[in-house]
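Each chain is listed here by its residues.
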Amino acid sequence: MDKDRLKGMGNKIKGEVKKSAGEMTGNERMEAEGHKDKAKGHVQEKVGETKDAARDMVDGKDRV
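As the structure is a computational prediction, the values presented were derived from the model and not from experiment. (Residues numbered from 1 in each chain as written. Predicted model: local features only at pLDDT ≥ 70, side-chain atom pairs only at ≥ 80, totals over all residues. Heavy atoms only, no water.)

Draft legend 1. Quick look at the pattern of salt bridges. Tallying each qualifying case throughout the model produces 12 salt bridges. Between Glu33 and Lys18 there is a salt bridge, with the nearest N and O atoms lying 3.4 Å from each other. Of this pair, Glu33 sits in helix 2 (residues 28-59) while Lys18 sits in helix 1 (residues 3-25), placing them 15 residues apart in sequence. In this structure Glu33 comes out as partly exposed when scored by relative accessible area, which is 29%. Look at the salt bridges and you will find they share partners, linking Asp2, Arg5, Asp52 and Arg55 into a network. (Salt bridge = Lys/Arg side-chain N within 4 Å of Asp/Glu carboxyl O. Helix = DSSP H or I, 4+ residues; strand = E, 2+ residues; numbered from the N terminus. Buried < 20%, exposed > 50% of the residue type's maximum accessible area, 1.4 Å probe, protein only.)

As structure tokens, then:
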């Protein structure tokens, strides 16, 4: 598993926590930061998935 996938998962979790905390406290800035972190995490995760897929193709794991 690519490190970008792991970082992405971490940022998605961090973003969800920030977003929820911002909603509960009425802190719009924290809520917005949470949305940003979740989006960043989603992109990182997709980059990692793409790297893994490319690596698998080069290694021949995708072939039957």
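Draft legend 2. Structural context of the side chain of Asp52. Looking at the element boundaries, Asp52 is found in helix 2. On the basis of relative accessibility, which here comes to 9%, the residue Asp52 falls in the buried class. Engagement of the side chain of Asp52 in a polar contact is seen with the side chain of Arg5, the distance being 2.8 Å. Not counting residues up to four positions away in its chain, the partners in contact with Asp52 are Met1, Asp2 and Arg5. (Polar contact = N/O pair within 3.5 Å; in protein donor to acceptor, adjacent residues only side chain to side chain. Contact = heavy atoms within 4.5 Å.)

Draft legend 3. Broad picture of the packing of helix 1 against helix 2. One way to put it is that helix 1 packs onto helix 2 with a least axis distance of 7 Å and a crossing angle of 165 degrees. By the criterion of interaxial angle, the relationship of helix 1 to helix 2 is roughly antiparallel. Where helix 1 crosses over helix 2, the two elements pack in a sense that is left-handed. Broken down by class, the residue content of the contact of helix 1 with helix 2 amounts to four nonpolar, 10 polar and 18 charged. (Axes fitted to C-alpha atoms, helices over the stretch in contact; angles between N-to-C directions. Parallel < 35°, antiparallel > 145°, perpendicular 65-115°, else oblique. Left-handed = near helix turned anticlockwise from the far one by under 90°. Nonpolar A, V, L, I, M, F, W, Y, C, P; charged D, E, K, R; others polar.)

Draft legend 4. Broad picture of the side chain of Asp4. Here Asp4 is to be found in helix 1. Of the polar contacts made by the side chain of Asp4, one reaches the side chain of Lys51; its length is 2.6 Å. Beyond its immediate sequence surroundings of up to four residues, Asp4 is in contact with Gln44, Glu45, Val47, Gly48 and Lys51.

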